[in-house]
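Structure at a glance
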Amino acid sequence: MPHCTIEYASPLAKLIDIAELVNDTHKGAIASGLFEPKAVKTRAHCCEQFFVGEECTNLFVHITISIMPGRSDEQKAGLLKSVAEQLTRLTTHVQSLTIEVRDINQQHYFKQLV
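A brief report on the enclosed structure follows. (Residues numbered from 1 in each chain as written. Predicted model: local features only at pLDDT ≥ 70, side-chain atom pairs only at ≥ 80, totals over all residues. Heavy atoms only, no water.)

So, on to the side chain of S66. Note that S66 resides in strand β3 (residues 60-67). The contact partners of S66, leaving out residues within four places of it in the chain, are M1, P2, H3, R102 and I104. (Helix = DSSP H or I, 4+ residues; strand = E, 2+ residues; numbered from the N terminus. Contact = heavy atoms within 4.5 Å.)

Given below as structure tokens:
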């Protein structure tokens, strides 16, 4: 834990290195100090069809960070700040950067390590 899922506007891939976006998000989650580095999972999904406001040309990045419950609001705020700080240099072309922390309902989560 956590699962960091990045959604981004497809044209952004021509402006920045998406692998760097994934790497920097991953580093930000680790730098928060809330998780063991080996437990952090980060992935990106390209969105071909999108609108930001009334425009289909405005670029966005939205990151959802799913974590197990038990972290304080202050810890979650620190996580948000840590990830956002890592993304500053990559998101200059983005009109909308949003990051959300979600608590996972443990009763509805399954994990199997092989």
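A separate point is the pairing of strand β2 (residues 41-47). As defined by bridge partners, strand β1 (residues 3-9) adjoins β2 across seven bridges and the pair is classed as parallel. Residue pairing for β2: Y8 is matched across the bridge by C46. (Pairing = 2+ DSSP bridges.)

Another aspect to go through is the sheet that holds β3. Pairing in this open sheet of four strands is mixed, and the strands run β2-β1-β3-β4 from one edge to the other. A strand with exactly one partner marks an edge of an open sheet, and here the two such strands are β2 and β4 (96-103). Strand-to-strand twist across the sheet, computed as the mean angle between neighbouring axes with direction ignored, equals 15°. In this structure, β3 lies alongside β4, joined through eight bridges in parallel fashion. Looking at β4, one finds that I67 is bridged to D103. Sitting on the sheet, helix α2 (residues 73-87) touches β3 and β4, and the angle it makes with β4 is about 150°. (Axes fitted to C-alpha atoms, helices over the stretch in contact; angles between N-to-C directions.)

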